[in-house]
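Letter by letter, the chains look like this.
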Amino acid sequence: MAEQIRVVTLNCWGLKYVSKDRHERVTAIANALARSDYDIIALQEIWVEADYNEIRQSVVSRLPYTKLFHSGALGAGLAILTKWPIIATSMTPYSLVGEPTDAFGGDWFVGKGVGSVTIMHPVLGPVQLLVTHFCAKGGESGPEYNRTYRLVNAWEFAKVTRQAAELGRYVIAMGDFNSIPTSLPVNIILNYSGLVDSWATSHAHIPPPSGMLSPIEGVVNYGVTADSPLNSYRDSEPSGDPIVRKYQGKRLDYILFRHPSPNGSNDHLPRLTCRDSQVVFTDSIPGNSCSYSDHFGVEATLAIDMQAEGKQDDMASLKDTSAVWFNSPSELSSNVVTEVMSAVNTSYRMSQDRSRKELIIFATSILALIGLIIGSAWVVVPWLNPVFVLLVIYLSWLATTNLYEGFIFGNWERKALQNVIEELELYKQILVSQAPHDW
């Protein structure tokens, strides 16, 4: 007996007042999803609740169980719509998502994290669905400490996933991870949580590119979902990013899945495998020349095989691509743990240096304010008074901002980094004690 689960994930680029053609695109997305046969839909950057409601209403007859996650000042932008009853929900914000002074980046003001719903599937039982959106800052090149926030996101996401599997649940994770497949954050996710990349397993026969690809080849063969020349919102200028030039874009969006952790009593559970995965929402919206979003979506068909208990040899053959069928948990390698700890420790020192400079600016601004206040008593030229007022306003803003950034946020950031450092140190010690020959 075999059944299947049809899954799709899409970053909707739904920033109010910022995202181009938002109303037209959201309506087109809602209409496309209404015509689809997906059992589970995961959305990111669905910041405006009216947009979420429009999409929800378009599919409610087929996917009646929905959840919009709330977090941060402007919302999490995450939603899940599903065919099966939801029995539990939770939202786990990431401890580090951005800097308060990075107003244009905006990550600080939104509640990036892991949205989770547990559904009751008629065959698999409890299945935990996860949707997430990682920090974008840091790119893909340069030292890893440029991407420390994303590394922290990956570590915290992997912990949530692993805990769900240890509770005896299947896990399906979807979202915009802002990380290419060969990156350290994806390494953490796959190797610590035991998740399987649906695209990688269904396209294992595709060799690495040997020459210049066409944009269509990048999408069809290598799963490109962002920065594709086929997307109307891609910058028309040639990209200087070597990854974008090599693959005609980046694969940043994923559908991942895994089996419950083995515990001796679940050896003959149904087997979940990826039958097919494709990039979707690649066309222009009907009647318009714009794309559905600045990202393409990803869909996957996950097959449920009830005869898995009789296929131990076949299951063993998945060893290279799937950790979910091992009798031992998936773990990070020594090199990966060392690399992550090095990046986090470097960021910790950089945070200390930045806070020190910001607090010096704060103290200097206060001294300048005092000087202005005292000096204003001897100002006899009337037209200088407005200048003094503007300087006082500016210095007050500068002092307040640097006090907040240097003291409050600086300590907040370093405590979050310290937590990760201590968790990784403990994790490394446990692995050394359990398998010293691997270290």
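Here, every reference points to the structure presented above.
Residues numbered from 1 in each chain as written. Predicted model: local features only at pLDDT ≥ 70, side-chain atom pairs only at ≥ 80, totals over all residues. Heavy atoms only, no water.

Asker: Can you help me understand the pairing of strand β7 (residues 125–133) in this one?
Answerer: The buried fraction of β7 amounts to eight of the nine residues, a majority that puts the element mostly inside the structure. Taken together, the eight bridges between strand β6 (residues 113–121) and β7 define a ladder with antiparallel strand orientation. What sits directly across from valine 114, in β7, is threonine 132. Following β6, the chain reverses through three residues before pairing antiparallel with β7. Alignment of β7 against strand β8 (residues 170–176), held across seven bridges, turns out to be parallel. The partner of valine 127 across the bridge, within β8, is tyrosine 170. Read from β7 through helix α3 (residues 148–166) to β8, the crossover connection turns out right-handed. (Buried < 20%, exposed > 50% of the residue type's maximum accessible area, 1.4 Å probe, protein only. Helix = DSSP H or I, 4+ residues; strand = E, 2+ residues; numbered from the N terminus. Pairing = 2+ DSSP bridges. Right-handed = clockwise from strand over helix to strand, strands pointing away.)

Asker: What should I look at first to understand α3 in this one?
Answerer: Since the α-helix turns once every 3.6 residues, residues separated by three or four places project in the same direction. With 19 residues, α3 extends 27 Å between its outermost C-alpha atoms, agreeing within 8% with the 27 Å of an ideal straight helix rising 1.5 Å per residue. In terms of burial, α3 is a largely internal element, 16 of the 19 residues being buried. At the exit of α3 stands glycine 168, carrying a positive phi of roughly 90°. (Expected span 1.5 Å × (residues − 1).)

Asker: I would appreciate a short explanation of empty space enclosed by the protein in the present structure.
Answerer: Rolled over the atoms, a probe with the dimensions of a water molecule shows which regions are left empty. The tally for this structure, following the rule as stated, stands at one cavity of 30 Å³ or more. Considered as a void within the structure, the largest cavity measures approximately 30 Å³ in volume. When contributions to the lining of the largest cavity are tallied by element, the ones reaching two or more residues are α4 (184–193) and β10 (253–258). Ranked by the residues each element gives to the lining of the largest cavity, the list is headed by α4, at three residues. In the lining of the largest cavity, the residues fall into six nonpolar, no polar and no charged. (1 Å grid on protein atoms, 1.4 Å probe; cavity = no way out; pocket = protein on both sides within 12 Å on 5 of 7 lines; lining within 4 Å. Points joined across faces, edges and corners; volume = space filled by probe spheres on them. Nonpolar A, V, L, I, M, F, W, Y, C, P; charged D, E, K, R; others polar.)

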